[in-house]
Amino acid sequence: MAADKKKRRRPNSDSDTDNRPFKSKLKPDPVILQTLKKLKSSCSAAASTSKTLTLTDLNLSSSCREVTDLPIDEVQSEIESLALKIAKSILSGEGFSFSVPSRSSANQLYVSELDRIVLKDKSSLRNFGNVSTVRKATITLRILQLVHQLCTSNIHVTKRDLFYTDVKLFQDQSQSDAVLDDVSCIVGCTRSSLNVVAAEKGVVVGRLIFSDNGDMIDCTKMGMGGKAIPPNIDRVGDMQSDALYILLVEKDAAFMRLSEDRFYNRFPCIIVTAKGQPDVATRLFLRKMKMELNLPVLALVDSDPYGLKILSVYGCGSKNMSYDSANLTTPDIKWLGIRPSDLDKYKIPEQCRLPMTEQDIKTGKDLLEEDFVKKNPAWVEELNLMVKTKQKAEIQALSSFGFQYLSQVYLPLKLQEQDWL
């Protein structure tokens, strides 16, 4: 009877398959773990010896603007001072206007010493008495009023909540969101300091324990869906981990595969994703983990221009929020995969490679002109290969070799060979 049961047992479709490409190259797990331990040690040593540079340490040719985290009472005080200036200006018969830092591309600067994008000091006047700017000036004043109300009540709301307080004025959430960033610049504080947060988007799973508003969260016990990253970073504290590295994943599908396969137990790590374009909460959370735990960060993104753009937002910052890049960027993220050179190296089938569109090619060429890409010759080489072959591929292309190929062969081999940029 026992023999019959043994015969009828269904094999594990991936783990019992020995002819998957490059599986024979894999060394025993303890050998790969030694490599990861060395990577972690070098990262910790670098963190303990290097001094964190700031804008004030550099003698830049143009002045730049940065914001800082401010407590609620200081944000409230800044808004009240601004309101007082406006009242005095109106009473003197001059009307009122806001001096708003320009967040256009022309006012951005990549600082190689900091490896991030910062905002230069150019500003423009948003005058209530001018037909072309009156509406934006009104929205700015309304957002300031709402933020002051949040500070007074000591509560947090989402950007969507903020939009619904005055739909007729804002018309579209993109308009209230953009002015909210302007208000951060005007007040001189991070967007988090305004008590307005984005809806939960990012998730984390793996070898991490942290407190969320006083509750201890063990991310190894969050199932394959992971733990939602708190929208307010102030709620997060007391981070503890025995991980050797952080694995940053672009898409939810790859995150779920690695989570279900318990990849974080085989090669101790913390896995995090923002499910596409990185949101502020995920960027803050990743930076906090990197800084507090002194762990290397390895990134797994699609082999297309947008995968590299997403990686650069985490590492160097976005132009839209360059004013807050000091708080939102995670230094020294390593590009693990999937890279253009991997398509041939890992023999990705032709039917799993997608032709790049004209827009893809243009985005790739534009990236080649960016200073943060030029700084890394290996990135330039990979991006040139992508534009030349006009081929792209998603992480899921690896599933053509088996659903668990990503977790059982591709990533272990990448880690074994230290194949990151």
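Report on the accompanying structure. (Residues numbered from 1 in each chain as written. Predicted model: local features only at pLDDT ≥ 70, side-chain atom pairs only at ≥ 80, totals over all residues. Heavy atoms only, no water.)

**Considering the nonpolar core**
Spelled out, the test is: For our purposes a nonpolar core is just a set of buried Ala, Val, Leu, Ile, Met, Phe, Trp, Tyr and Cys residues, chained together by side-chain atoms within 4.5 Å. Partly exposed describes any residue whose relative accessible area lies between the buried limit of under 20% and the exposed limit of over 50%, with all areas from a 1.4 Å probe on protein chains only and scaled to the type maximum. Only DSSP runs of H or I reaching four residues or more are called helices, and only runs of E reaching two or more are called strands; each is numbered from the N terminus. Contacts are assigned to residue pairs that have any heavy atoms within 4.5 Å of one another.
V204, L208, F210, I270, F285, L286 and M289 are the most contacted members of the largest nonpolar core, which has 51 residues in total. Top contributing element to this core by residue count: helix α10 (residues 280-293), with seven residues. If we ignore the near neighbours within four places in the chain, the residues touching F210 are V204, D215, M216, I217, C219, K227, P230, V236, G237, D238, M239 and F285.

**Some points on helix α11 (residues 305-316)**
The cut-off we apply is this: Expected helix span is taken as 1.5 Å per residue step, with the number of steps being one fewer than the number of residues.
An ideal rise of 1.5 Å per residue puts 16 Å on 12 residues; α11 measures up with 16 Å between its terminal C-alpha atoms. A positive backbone phi angle near 100 degrees is found at G317, which sits one or two residues after α11.

**Focus: the side chain of Q416**
Filter applied, for reference: Residues adjacent in sequence count toward polar contacts only when both atoms are side-chain atoms; beyond that, a polar contact is any pair of N or O atoms within 3.5 Å, and within protein one must be able to donate a hydrogen and the other to accept it.
Relative to the helices and strands, Q416 is located in helix α17 (residues 405-416). According to the relative accessible area criterion, Q416 is buried, its value standing at 13%. Looking at Q416, its side chain comes within polar contact range of the main-chain nitrogen of K27, at 2.7 Å. Beyond its immediate chain neighbours, meaning those up to four positions away, Q416 contacts K25, L26, K27, I32 and T35.

**Overview of the side chain of R103**
Its place among the elements puts R103 in the loop between β2 (97-101) and β3 (108-111). Take R103: its relative accessible area is 17%, and that puts it in the buried class. At a separation of 3.0 Å, a polar atom in the side chain of R103 contacts the side chain of D182. Those residues in contact with R103 that lie beyond four places of it in its chain are Q108, L119, A178, D181, D182, C185, K319, N320 and Y323.

**Details of the pattern of salt bridges**
The cut-off we apply is this: When a carboxyl oxygen of Asp or Glu is within 4 Å of a side-chain nitrogen of Lys or Arg, the pair counts as a salt bridge.
Tallied over the full model, the rule gives 30 salt bridges. A salt bridge links D212 to K227, with the nearest nitrogen and oxygen atoms 3.2 Å apart. Of the two residues, D212 is situated in strand β9 (residues 209-212) and K227 in strand β11 (residues 227-228); the sequence distance between them amounts to 15 residues. Classification of K227 by relative accessible area gives buried; the value is 13%.

**Considering the sheet that holds strand β15 (residues 297-300)**
Inclusion rule: Only strands joined by at least two bridges in the DSSP assignment are considered to pair. Lines fitted to C-alpha atoms define the axes, with helix axes restricted to the stretch in contact, and inter-axis angles between N-to-C directions lie between 0 and 180 degrees.
The sheet built from six strands is open, its strands ordered β11-β8-β14-β13-β15-β16 with mixed pairing. Single-partner strands in this sheet number two, and they are β11 and β16 (333-337). Strands β8 (203-206), β13 (245-249), β14 (269-273) and β15 of the sheet are contacted by helix α8 (residues 252-260), whose axis makes an angle of about 155 degrees with β14. Contacts from α10 reach β8, β13, β14, β15 and β16, with the element oriented near 160 degrees to β14.

**Overview of the packing of α8 against α17**
What counts, and what does not: Reported orientations rely on four angle classes, namely roughly parallel under 35 degrees, roughly antiparallel over 145, roughly perpendicular from 65 to 115, and oblique for the rest. For this classification, Asp, Glu, Lys and Arg are treated as charged, while Ala, Val, Leu, Ile, Met, Phe, Trp, Tyr, Cys and Pro are nonpolar and the rest, including Gly, are polar.
The contact between α8 and α17 brings their axes to 9 Å, and the two run at 95 degrees. For the element pair α8 / α17, the angle class is roughly perpendicular. Counting all contacts with α8, which are made through A254, R257 and L258, the residues of α17 involved are L406, S407 and L411. Grouping the amino acids of the contact of α8 with α17 by side-chain chemistry returns four nonpolar, one polar and one charged.

**Some details on empty space enclosed by the protein**
Stated formally: A pocket, in this scheme, is an open set of points on a 1 Å grid over the protein atoms alone with protein on both sides within 12 Å along at least 5 of 7 lines, while a cavity is a set where a 1.4 Å probe fits but cannot get out; residues line either one if an atom lies within 4 Å of a point. Grid points are joined across faces, edges and corners, and a volume is the space filled by probe spheres set on the points.
According to the stated counting rule, one finds one cavity of 30 Å³ or more in the structure shown. Approximately 60 Å³ is the volume found for the largest cavity. Every residue lining the largest cavity is listed: R191, S192, V196, V197, A198, P231, V280, A281 and L284. Elements with a contribution of two residues or more to the lining of the largest cavity: β7 (196-197) and α10. Element by element, the count of residues in the lining of the largest cavity is highest for α10, at three residues. Looking at side-chain class alone, the lining of the largest cavity contains seven nonpolar, one polar and one charged residues.

**A word on helix α14 (residues 358-368)**
Along an α-helix, a turn takes 3.6 residues, which lines up residues three or four apart on a common side. Our working rule: By construction, the arc corresponds to the directions joining the helix axis to the C-beta atoms.
Along α14, the residues that are buried comprise D360, I361, T363, G364, L367 and L368. Buried residues of α14, viewed axially, fall in a sector of 160 degrees; they line one side. Buried residues in α14 make contact with α11, α15 (371-374), α16 (377-389) and β18 (391-392).

**Focus on the packing of aromatic side chains**
Under the convention used in this document: Any Phe, Tyr or Trp ring, taking Trp's six-membered ring, that has another such ring centre within 6.5 Å forms a pair; planes under 30 degrees apart are called stacked, those over 60 apart edge-to-face, and the others tilted.
Within this structure, the stated rule accounts for 10 aromatic pairs. Each ring, one from F96 and one from F128, has its centre 4.9 Å from the other, and the planes form 15 degrees; the classification is stacked. Note that F96 is positioned in the loop between α3 (72-91) and β2 and F128 in the loop between β5 (123-127) and α4 (134-153), a separation of 32 residues in sequence. Relative to Y410, the ring of Y346 has its centre 4.9 Å away and its plane inclined at 65 degrees; by these criteria the two rings are edge-to-face. Of this pair, Y346 sits in the loop between α13 (340-345) and β17 (354-355) while Y410 is found in helix α17, placing the two residues 64 residues apart along the sequence. Ring pairing ties together the aromatic residues F22, Y346 and Y410, which thus form one cluster.

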